[in-house]
Each structure stands twice: as C-alpha cells, then as structure tokens.
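Examining the three-dimensional arrangement
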Amino acid sequence: MTTSRRSALKALLAAPVLGAASGAAQAQTPALMARQPVLPPPGEVPAWPAPNTAPPSTLDAPHQPPSWSGPVPTDWVDPRTGHRVRRISPDGGGGKPYFYKNMFLPAKAGAPDLMVISTPQGISTVDLKTWALNVLVPDRNADLMFTGRKGRHVYYSVTEPGEAQLMDRAKTLYVIDADTRRVREIGRIPNGQVNSVNADETLLLGFVAHGSEPLQPGVADPRNRRFDQAEYAALGPDGKPLNFARAKGVRMLQRWAARYPMEIFVIDMATGERRVIHSTNEWIGHTQFSPTDPDRIIFCHEGPWHRVDRMWTMKVDGSDLRKTHTRTMNFEIFGHEWFSPDGKQVLYDLQTPRGQVFWVASVDLETGKRVYRRVEQNDWSVHFNVSPDGKMFAGDGGDGDMVAHAPDGKWIVLLRPEPIVDEDPSSDKDDQIAVEYLRSERLVDLSNHDYRLEPNLTFTPDGQWIVFVSNMHGKNHVYAVEVARAA
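Attention in this report is confined to the structure presented alongside it. Every chain is numbered on its own, with residues counted from 1 as its sequence reads. With pLDDT at 70 or above as the cut-off, local features in this predicted model cover only qualifying residues; side-chain atom pairs require 80 or more to be listed or tallied, and sums for whole chains, interfaces and linings still use all residues. Here the side-chain values reflect all heavy atoms present in the structure, with hydrogen atoms and water set aside.

**Some points on the overall build of the protein**
How we decide: Secondary structure counts use DSSP, requiring at least four H or I residues in a row for a helix and at least two E residues in a row for a strand, with both numbered from the N terminus. Type-normalised accessible area, obtained with a 1.4 Å probe on protein chains alone, sets the label of each residue: buried when under 20%, exposed when over 50%, and partly exposed for intermediate values. Contact between two residues is taken to exist if any of their heavy atoms lie within 4.5 Å; hydrogens are not considered. Reported accessibility uses the Shrake-Rupley method at a 1.4 Å probe radius. Residues are deemed covered only where the shown protein chains occlude them.
Helix and strand counts for the protein stand at 3 helices and 30 strands. When the 487 residues of the protein are sorted by exposure, 53% land in the buried category. Here the analysis covers contacts within the protein between residues at least 6 apart in sequence; of these, 55% occur between residues at least 24 apart. Taken as a whole, the protein presents about 21500 Å² of accessible surface, with 52% of it coming from carbon and sulfur.

Right, dumping it as structure tokens:
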C-alpha cells in the first residue's frame with residue numbers, strides 16, 4: 001500500500017462520530033440537479049458508460065426526510081405507473097423480513113395461502129387472497145425471522161433486554177405452527193443472529209462476532225426505529241457531515257478493518273445443539289440455506305465491496321468451501337446475493353466497474369455457467385429479486401446518494417429479461433458468459449420514500465404481486481403492488 005493510500009485509509013478509519021440529528025443523505029440542491037444528465041426517450045438505450053452524476057460527499061445542510069400529512073391510503077392505482085398498490089400493514093405500521101428471507105407458508109389443501117409480517121401487535125399472518133390480517137404471535141418483543149418451506153412454520157426470536165447491541169444479547173428461538181398455533185421453544189443462543197432454516201427444517205443457520213463494536217461508535221444499538229436498520233453518520237476531512245452513503249462507507253471500512261473473530265453455526269432443530277461449521281476473522285453476513293438442498297449454504301464477506309472477495313458457498317459440514325465470483329477489474333463490485341427459487345443458482349448485483357455498468361448476474365453452482373443481465377442506471381436497485389418461475393426480476397430502486405447516483409431511480413421496477421443475440425450466434429461458446437438485457441417497467445413511485453429504509457421487495461408465490469416496505473406515507477408500512485397493470 002502506498003503512503004498516500006495508507007494515509008487515506010487512516011483518515012477514513014479515524015472519521016469522527018456525527019450525531020444522528022445532523023442528518024445523512026444528500027439533498028437535491030439546484031447545483032446537483034443541474035449536473036444530472038438528460039436521459040434518452042423511452043425505448044432508446046442510454047449511452048455507455050453511465051454519466052458521472054455523483055453528488056458531493058459532504059453536506060452544507062442537514063438532510064430533510066420526506067414528510068406526509070393526512071390519512072395513509074389503503075388501496076390505489078399509482079397515477080404515474082397505472083399499477084394497483086395495497087397497504088397491507090395496519091394503521092400503526094409494519095415490517096417484513098429481509099429480501100432473501102422467506103415470508104410465505106407452503107400451500108395446504110383447505111387452508112388459506114398466508115404470508116407473515118411484523119405489526120405493532122406482534123407477528124401477523126396475511127391472507128393472500130383477501131389481504132385479511134390475523135395476529136399470530138401477540139408479543140411486541142417477538143422478532144420475526146422467516147418461515148419454513150416444508151411445514152407451515154413461522155420462526156421468531158425474543159432478545160433479552162440489556163445495554164449491549166442486539167448481536168451481543170442472548171436470544172430465545174421459537175417456532176409456531178400457523179394453523180394449530182402450537183409454539184415450541186427451540187433453544188437459546190448467548191449472542192449472534194439466526195438468518196435461515198434449511199429446506200427440510202432440520203437445521204437453523206446463524207453467525208456471531210466476538211468482541212465487536214457497534215457500526216456507529218458511541219451507540220450501543222444504532223438502529224433508528226423509524227428506519228428499522230442501522231443509521232450511519234460521520235464527518236469528512238473538511239469537518240462537514242458526510243452524506244448517508246459515504247458515512248456508511250466509512251463505518252463499513254472501520255468494521256471490516258477491525259478483523260473481529262466470527263463463526264458460522266448451525267442449530268439442530270430436534271436437540272437445540274449448536275455446532276460451529278466455519279471460523280474466520282473475515283466479517284461474515286448474509287448466511288443463507290438453499291431453498292431446495294438442505295446441505296448447501298451461501299454467505300458473504302462483508303465490508304467495502306471493492307475490497308472483499310464477497311460471495312462464498314459451502315456445505316453444511318464445512319466442506320466444498322469456494323468463492324462464487326472472482327473480480328476481474330479494479331473497482332468491480334458484487335453482492336446482495338441470493339438463491340434462485342430452484343436453489344441451483346446464486347443471483348447478485350454486479351457492477352463493472354462500480355457505479356458505471358450495472359448487471360443482475362447469476363452463476364450455476366454445479367456447472368459454473370454465468371449470465372449477466374444489463375440494468376440501466378435509473379433501474380439499479382438496493383436489492384433485486386426474482387419471480388418464483390424465474391422469468392421476471394424486480395428492483396426496489398435507490399436515491400441519488402447511492403452507488404448508481406441515478407437521477408431518477410426512486411421506483412419499484414419490474415425487469416423482464418431479453419436475450420442479446422449477436423449477428424453471428426454461431427460464434428457463441430457455452431463456457432463464456434451469456435448476456436441479456438433487463439427491460440424495465442415502473443410499478444410504484446417512491447419519490448417520497450427515504451432510502452435509509454431499504455424496501456426489500458419480494459414476489460408472492462404466484463408471481464402476481466410484489467411485497468415491499470416503505471416510509472413514503474410517514475410510518476414504515478408493508479405494501480403490495482400488482483404486477484399486471486390495473487384495468
């Protein structure tokens with residue numbers, strides 16, 4: 001590392017704490033808006049590479065979150081897209097699991113098709129035909145984790161009170177049958193987080209860091225309950241507050257450089273026994289079981305994406321540990337990975353390089369076959385997801401501070417793959433990357449959404465609706481948008 005790079009890294013690692021009240025995200029100032037490019041008309045592909053629309057890294061004024069007054073609508077047709085949107089959560093608000101975590105119950109003859117969400121009353125089921133809510137776990141301290149794929153089971157935890165951050169407090173793990181409402185205590189973990197259950201519901205999967213500090217120094221639990229995720233704040237070298245995205249980058253870099261010892265563990269559903277399957281000083285996250293193979297796991301090395309070999313897979317016994325993507329250019333980044341519905345592929349956000357060329361990529365875990373699907377700058381999203389039949393993708397958008405610096409990116413978008421056929425297809429080789437284009441359709445206007453809350457979108461099992469969370473009406477609420485345009 002050169003002296004200049006070492007000095008820059010030290011400056012980032014020493015970035016001072018900024019109080020949450022100082023704000024974080026970049027305001028849309030007239031000067032910034034003047035730099036935003038004029039996009040080509042619909043149907044024309046924008047020029048490559050993406051225009052450099054990066055906002056300044058520091059703020060002259062605190063971020064002002066969007067505001068909303070009046071009643072929160074329950075059912076409407078988005079006037080800018082023509083798609084029907086429903087509010088699912090009650091008046092008090094609600095939340096949903098992270099984008100890759102299952103929230104739907106397997107179909108059962110004679111029983112309603114259900115999904116689960118968090119509500120102020122606890123954990124509630126939602127009838128996917130009538131949208132009726134029913135409280136399943138009447139405990140405000142119950143944290144919804146995910147649902148099973150074999151039985152109609154809902155998994156949740158209750159964290160013990162204390163001053164330590166959430167990851168460092170003990171949790172009791174439970175599972176409830178959504179039909180009989182029978183609750184079973186699985187066991188207790190002294191610290192860490194459980195992220196997934198395997199396909200046959202015999203093992204839980206989690207991870208833990210030992211001795212780690214909060215991402216936001218001086219705050220034991222940095223989760224602002226308005227956004228239900230970590231807040232980030234820091235000052236730049238000029239003493240001004242960094243915007244949200246860059247403050248997050250500073251805190252991510254600090255955490256990555258700390259090299260705390262971590263473990264990935266499984267818990268036996270029958271006995272409650274905890275078993276460590278992988279130990280490392282890398283920063284671990286996104287531990288996931290395959291939806292179909294009870295022995296296959298993916299996980300990531302967290303940290304600044306251009307500095308880490310992020311995506312990994314292994315078997316539940318710790319064998320077959322391997323990377324699933326290898327960087328081939330400077331500032332190539334990739335992440336927010338998830339399994340395809342059939343469990344055969346890992347899908348992920350890929351940028352070649354960062355902030356310039358955007359893809360939804362996939363790799364087949366058995367054959368190694370890769371597909372790169374081109375995404376336009378305004379369609380880049382914090383998270384992508386795929387329909388249950390694998391034929392459509394969707395994204396939950398992003399604001400101008402984020403890596404794409406999209407001038408008009410605050411939308412829920414539907415993305416339909418189209419093959420890109422060369423004029424000489426006989427030259428194509430099976431061992432090379434296949435390329436597609438994702439044609440977008442806007443579903444929901446999120447111009448009044450504050451992206452410090454990630455929408456975390458998910459398709460319903462029939463592929464007809466997309467469920468997401470938003471603060472566009474003030475409180476966090478769970479919504480669903482219909483994929484088909486309203487009549």
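**Structural notes on the pattern of salt bridges**
Quick reminder of the rule: In what follows, salt bridge is the name for a side-chain nitrogen of Lys or Arg lying within 4 Å of a carboxyl oxygen of Asp or Glu.
Evaluation of the coordinates by the stated rule reveals 23 salt bridges. Two residues, Asp 75 and Arg 84, come together in a salt bridge whose shortest N-O distance is 2.6 Å. Among the residues examined, Asp 75 registers a relative accessible area of 34% and is labelled partly exposed. Taken together, the shared-partner salt bridges in this structure form one network comprising Asp 75, Arg 84 and Arg 86.

**Focus on unusual backbone geometry**
With omega at -5 degrees, the peptide bond leading from Thr 352 into Pro 353 counts as cis. The residue Arg 259 is not glycine, and still its phi comes out positive at about 60 degrees. Its place among the elements puts Arg 259 in the loop between α3 (244–258) and β14 (262–268).

**A word on the sheet that holds strand β26 (residues 411–419)**
As a reminder, the rule being used: Only when DSSP finds a minimum of two bridges between them are two strands counted as paired. In this description, a line fitted to the C-alpha atoms serves as the axis of each element, helices being fitted only across the stretch in contact, and the angle between N-to-C directions of two axes falls anywhere from 0 to 180 degrees.
Here 8 strands make up an open sheet; going across it, the order is β20-β21-β22-β23-β27-β26-β25-β24 and the pairing mixed. Only two strands of the sheet have a single neighbouring strand rather than two, namely β20 (333–339) and β24 (384–386). Pairwise comparison of adjacent strand axes, ignoring direction, gives a mean angle of 30 degrees for this sheet. Where strand β21 (residues 345–351) and strand β22 (residues 358–364) come together, 7 bridges link them in antiparallel fashion. Within β22, the position partnered with Leu 350 by the bridge is Trp 359.

**Quick look at the sheet that holds strand β17 (residues 296–301)**
Sheet strands pair via backbone hydrogen bonds, and the direction of the pair is either parallel or antiparallel. Taking strand neighbours across the sheet as the criterion, the 4 strands line up as β16-β17-β18-β19 in an open arrangement whose pairing is antiparallel. Unpaired on one side and paired on the other, β16 (284–289) and β19 (322–323) mark the two borders of the sheet. When β16 meets β17, the two strands line up antiparallel, connected through 4 bridges. Across the sheet, the residue bridging to Gln 288 is Ile 298, located in β17.

**Re the environment of Asp 342**
This is how the line gets drawn: Any N or O atom pair separated by 3.5 Å or less is treated as a polar contact, with the protein-specific requirement of one donor-capable and one acceptor-capable atom, and with residues adjacent in sequence counted only for side-chain atom pairs.
Considering the arrangement of structural elements, one finds Asp 342 in the loop between β20 and β21. The partly exposed category is assigned to Asp 342, whose relative accessible area is 40%. Expressed as a C-alpha distance, the spacing of Asp 342 and Pro 388, which sit 46 residues apart in the sequence, is 8.5 Å. Reaching out from Asp 342, the side chain makes a polar contact with the backbone nitrogen of Lys 344 at a distance of 2.9 Å.

**Focus on the nonpolar core**
To be explicit about the condition: Here, nonpolar core means buried Ala, Val, Leu, Ile, Met, Phe, Trp, Tyr and Cys residues that are tied together by side-chain atoms lying within 4.5 Å of each other.
Judged by nonpolar contacts, the single largest core of 37 residues is most densely connected at Trp 338, Ile 412, Val 444, Ile 466, Phe 468 and Val 481. The set of elements that each furnish at least two residues to this core consists of β22, β24, β25 (393–395), β26, β27 (434–445), β29 (465–470) and β30 (477–482). Examining the composition of this core, we find that 5 residues originate from one element, β26, more than from any other. Setting aside residues up to four positions removed in sequence, Ile 466 forms contacts with Ala 394, Leu 414, Leu 443, Leu 457, Thr 458, Phe 459, Tyr 479, Ala 480, Val 481 and Val 483. One finds Val 266, Ile 277, Phe 299 and Val 316 within the second-largest nonpolar core, a separate group that totals 18 residues.

**Quick word on α3**
To be explicit about the condition: Given the number of residues in a helix, its expected span is that number minus one, multiplied by 1.5 Å.
For α3, which comprises 15 residues, the first-to-last C-alpha distance of 21 Å matches the rise-based estimate of 21 Å (1.5 Å per residue) to within 8%. With its phi angle positive at about 60 degrees, Arg 259 sits one or two positions after the end of α3.

**A short note on the pairing of strand β10 (residues 193–197)**
For β10, the tally of buried residues reaches 4 of 5 residues, placing the bulk of the element in the interior. Of the strand pairs in this sheet, β10 and strand β11 (residues 203–209) are connected by 4 bridges, and their pairing is antiparallel. Its bridge partner lying in β11, Val 194 is registered against Gly 206.

**Structural notes on the pairing of strand β2 (residues 84–87)**
The side chains of a regular strand alternate, first on one face of the sheet and then on the other. Of the two faces of β2, the one lined by Val 85 and Arg 87 is fully buried and the one lined by Arg 84 and Arg 86 carries no buried residue. Adjacent in sequence and paired antiparallel, strand β1 (residues 75–77) and β2 are bridged by 6 residues, among which Gly 82 carries a positive phi angle near 80 degrees. Two elements, β2 and β30, share 3 bridges in a ladder whose sense is antiparallel. Across the sheet, Arg 87 pairs through a bridge with Tyr 479, a residue of β30.

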